[in-house]
Every structure is written in C-alpha cells, then in structure tokens.
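Residue-level structural notes
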Amino acid sequence: MSAAVAIACQSSNCPNGHPPSRLECPTCNKLGIKGSFFCGQDCFKANCKLQKTHKIIHDIATPRQPLLDDPNINKDGTFNPFGTFRFTGTLRPVYPLSPMRKVPDHIPRPDYAADGIPTSESRRAGQPPRILSPQEQDKMRAACRLGREVLDIAAAAIRPGITTDEIDAIVHQATIERDAYPSPLNYRGYPKSVCLSVNEVICHGIPDKRKLQEGDIINIDISLYKDGFHSDLNATYPVGRVDEESQKLMRTARKSLDEAIKLCKPGALFRDLGKAIEPVARANGCSVVRQYCGHGINDLFHCAPNVPHYAKNKAVGTMKPGMCFTIEPMINLGSWDLEHWPDDWTAVTIDGKRSAQFEETLLITETGVEVLTAGTPREDLQ
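All values reported here derive from a predicted model rather than from experimental measurement.

**What about the overall build of the protein?**
Looking only at helices and strands, the protein has eight helices and 19 strands in total. Per-residue burial for the protein yields a buried fraction of 51% across its 382 residues. Of the contacts formed within the protein by residues at least 6 apart in sequence, a portion of 68% connects residues at least 24 apart. If you sum the accessible surface of the protein, you get close to 18,600 Å²; carbon and sulfur atoms cover 52% of it.

**Quick notes on the nonpolar core**
Within the largest apolar cluster, 62 residues are counted, with the highest numbers of intra-cluster contacts made by Ile 218, Ile 220, Phe 325 and Ile 327. In contact with Ile 218, not counting residues within four places along its chain, are Ile 158, Thr 164, Ile 167, Leu 196, Ser 197, Val 198, Leu 212, Ala 235, Thr 236, Tyr 237 and Val 239. Counting residues in each nonpolar core, the second largest holds 18 residues, with Val 103, Ile 176, Tyr 225 and Cys 324 among its members.

**Section: empty space enclosed by the protein**
Throughout the structure, instances matching the rule amount to two cavities of 30 Å³ or more. Empty space within the largest cavity amounts to approximately 130 Å³. Surrounding the largest cavity, 16 residues form its lining, Leu 91, Leu 196, Ile 206, Asp 208 and Trp 341 being those nearest its centre. Class assignment of the residues belonging to the lining of the largest cavity gives a composition of nine nonpolar, three polar and four charged. Taken together, Ser 197, Val 201, Ile 202, Ile 218, Asn 219, Thr 236, Ser 355, Ala 356 and Gln 357 form the lining of the second largest cavity. Contributions of two or more residues to the lining of the second largest cavity are made by β7 (201–203), β8 (217–226) and β17 (355–357).

**Concerning the sheet that holds β7**
A sheet is described by the order of its strands in space; here three strands give the open sequence β7-β16-β15, paired in antiparallel fashion. If you trace the sheet from one side to the other, it starts and ends with β7 and β15 (338–340), each paired once. Across the sheet, the axes of successive neighbouring strands diverge by a mean angle of 40°, strand direction being ignored. Sheet topology places β7 next to strand β16 (residues 347–349); two bridges connect them, and they run antiparallel. Paired with Cys 203 across the two strands is Ala 347, which belongs to β16.

**A short note on unusual backbone geometry**
A negative phi holds for most residues other than glycine; trans holds for most peptide bonds. Across the junction of Tyr 95 and Pro 96, the peptide omega takes the value 5°, indicating a cis bond. Mapping Pro 96 onto the fold places it in the loop between α3 (55–61) and α4 (119–123). In the segment running from Ala 304 into Pro 305, the intervening peptide bond is cis, with an omega of 5°. Mapped onto the elements, Pro 305 comes out in strand β12 (residues 303–307). One non-glycine residue with positive phi stands out, namely Asp 344, at about 70°. With respect to the secondary-structure elements, Asp 344 resides in the loop between β15 and β16.

**Examining the sheet that holds β17**
The sheet built from three strands is open, its strands ordered β10-β14-β17 with antiparallel pairing. Here the strands that pair on one side only, and so sit at the sheet edges, are β10 (287–288) and β17. In this sheet, β17 lies alongside strand β14 (residues 330–332) in antiparallel orientation, the contact comprising three bridges. Paired with Met 330 across the two strands is Gln 357, which belongs to β17.

**Overview of the layout of surface pockets**
Empty space within the largest pocket amounts to approximately 910 Å³. Lining the largest pocket are 43 residues; nearest its centre among them are His 295, Phe 301, His 302, Cys 303 and Asn 306. Of all the secondary structure elements, the ones that give two or more residues to the lining of the largest pocket are β8, β9 (229–238) and β12. For the lining of the largest pocket, the residue count by class is 22 nonpolar, 13 polar and eight charged. In this structure, the second largest pocket spans a volume of roughly 380 Å³.

**Digging into the pattern of salt bridges**
Side chains that differ in sign of charge can pair as their charged atoms come close. Taken as a whole and judged by the stated rule, the model has 21 salt bridges. Ionic pairing is found between Arg 148 and Asp 152, a salt bridge with its closest N-O pair at 3.7 Å. Of this pair, Arg 148 and Asp 152 both sit in helix α5 (residues 134–156), four residues apart, which is roughly one turn of the helix. A salt bridge links Arg 378 to Asp 380; the nearest nitrogen and oxygen atoms lie 2.9 Å apart. Judged by its relative accessible area of 18%, Arg 378 is buried.

**Let's talk about the environment of Arg 92**
Within the fold, Arg 92 resides in the loop between α3 and α4. In this structure, the C-alpha to C-alpha distance between Arg 92 and Asn 80, residues 12 residues apart in sequence, is 6.7 Å. Residues within four places of Arg 92 in sequence aside, it is in contact with Asn 80, Phe 87, Arg 210 and Trp 341. Within the structure, Arg 92 has its side chain in polar contact with the backbone oxygen of Gly 89 (distance 2.7 Å). Here Thr 90 takes part through its backbone oxygen, which lies 3.4 Å from a polar atom of the side chain of Arg 92.

Calculation notes
Residues numbered from 1 in each chain as written. Predicted model: local features only at pLDDT ≥ 70, side-chain atom pairs only at ≥ 80, totals over all residues. Heavy atoms only, no water. Helix = DSSP H or I, 4+ residues; strand = E, 2+ residues; numbered from the N terminus. Buried < 20%, exposed > 50% of the residue type's maximum accessible area, 1.4 Å probe, protein only. Contact = heavy atoms within 4.5 Å. Areas by Shrake-Rupley, 256 points an atom, 1.4 Å probe, with all protein chains shown as cover. Core = buried A, V, L, I, M, F, W, Y, C linked by side-chain atoms within 4.5 Å. 1 Å grid on protein atoms, 1.4 Å probe; cavity = no way out; pocket = protein on both sides within 12 Å on 5 of 7 lines; lining within 4 Å. Points joined across faces, edges and corners; volume = space filled by probe spheres on them. Nonpolar A, V, L, I, M, F, W, Y, C, P; charged D, E, K, R; others polar. Pairing = 2+ DSSP bridges. Axes fitted to C-alpha atoms, helices over the stretch in contact; angles between N-to-C directions. Salt bridge = Lys/Arg side-chain N within 4 Å of Asp/Glu carboxyl O. Polar contact = N/O pair within 3.5 Å; in protein donor to acceptor, adjacent residues only side chain to side chain.

What follows is the structure, given as structure tokens:
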C-alpha cells in the first residue's frame, strides 16, 4: 500500500516555513480541490477565517446553477418554456406540464384517442351537415347534459390560488366518472382534457401550473364523448372580483351569443348569425374574432357546417331539422386579430387585451331550436 505524499503548508504567511503538512481543508475536500493542506490549526484559521484569501478558491470551485439566474425559471422549478417569445400581454405559461391523464380502458373513445389523428373527420370532410335521427338526437341530448354538469363542477372550483392544471384534473375526473371521454384529450395532439383560456387568451389555452389571480377572467371549454357523440360548451367566469371593463366584456360575449341563438330555426342561413353577433360587440366597443368559428358536432368533434361569428361572412348552408352545431363567438376588448404562442395551440389577442367567449351546442328542431347545453342563467351576466 502506498503512503500519502506530504504537501507543503499552503498558508501564504506560514510562521513555520511551510513544512510538509497533512491537515486538509474539509471544504476543499468536498469540492474535489486537491492539495489544500496546512501545517496546523493556526495556519488554517489565519488563512481561511481571518484573511479569507483561501475562501476565494471555494467560491470559484463551487458549482453554479445558472438556470437560477434565468428570469424564465422560478425557484420552485417551474419555468416559462418560451422565454425569447414576444408575448402580447402579461400572461405567461408556467411549465412543466403534468403528464397526459389516463382514461380507464372500459370507456369508449373517439378514433383519435390513441394517435391524435381524427381520421373520421378527414374522411367526411366536404360532406354536407348530417341530419340526426331521433335516436341520435337523444344521444346528443344525453352527452350535452353531462357536459353541462362537468362545466358547472369546474366553475365551482374557480378561486384565486388554484392552478389551471388542478382544474384540468377536476374536469378529467368528473368526465370519466360519467363514463365519458374528454374530447380534447389528444385531439390533434392536444395534451389536456379541457381548454382553459385566461385573460388575453382567446381559446385553446393549455392548463399548466399558473395560479389564478384575483381579477383574472377564465374561459372553461368543456367537450366530452359519450355513447358515440360529442358535446361542446364553454363559458367565461370572473376570478374573485374583476374590473367593470372585464365584467362588461363577459356580458357582451354572452349577449352576442344569445342574439344569434334567437335567429336559429329551419330555413335560417348560417351566414346571418354574424349579423346578430357583431352589432352587439361593436355597440359595446368590442370586436369579433374572425379566425375561429362554430362548427357542426355529432359523432364527429368538428364537422360541417362552419359557423362564422362576424358580419358579411360567406358561410354556406341553411339550417334544417336534425342538424347539430355550435355557436361560440369570441369577443375582444381590442382588435379582433390574434397570434399563437409557440405551443401552436394558445391563441391570444394581438394587442394583449382581454377576450371572453360563451358557447352552446344547438339542435335545430321542426319548430325552432333546442339549446342542448343550456344552463341556469348567471346573475352577473344580466
């Protein structure tokens, strides 16, 4: 066995003439610094504790954590994955995202659940809107009733301090408890069971670890798949007390939807719905998003007809009994234009101002329209 080699005392002013030494600095030993030996406690204390010259070596050798100096990374380990992106407003994503939630094997699921590709939608693209049989209409009613239940459960959880990911967990659990599949989950790769859009987010906000704050507004967009049919509805809610401008925005969004629903009946034109929506928005100093529209819904999540929400659109088609579709106007405080975050889902207002939305699934009947997802009117929207 070889013996340890003695090293001269490292003290810069050793009174003993730097003799061979074996007293090693414990901090250097932990940091892996070799050769930090002193001939005795007096030299060690004089060099490390009094003059502090030796401690400079510790500071240099101590491993740094540069990520903690990154403004996009928080001390709790959460981070903004798009740090160099020029956000239009004050909202920021808070990652990491939780894993995609599991759906029990016994629950029937749409064709895209496994690979994210809605093959059935692609195969039927370009076909006219389906006319549902009475039995299919009953299945739509059942799915929409459950969708409303889940939305009400999610809305009851809104409070300052809860994260949008926690709301996603609530929606997911409420959905599978009803033996239904959360329609957004893995639809074209979407990673969550609900879309949650806060403040300047227009639609398709991905639930993450951001905590809701007093004064926020949040849109909860619920879709579920039950017995072969989808439901789709959403509403925007205040988080605690909100300013009057946000309250007015929500009332305007709800009223614009209600005015459009009044036009729905056999023979009505889909292109005329925008004529009812846009005047309500403009009268209240708001604008109507043009890039997203309502859609047909039945055994497919999205299908014909397309339902634009702005005036002077060129939508084709006439409403007929047995048709199911959504109306879901997105109303902005500022410009109608938008852009997307780098996640390719989150649509935000181009100017960072707030947006609100309400959505219902409708069935055209022989005499008018049935709002399949109808809920109890909210007092704060009157």
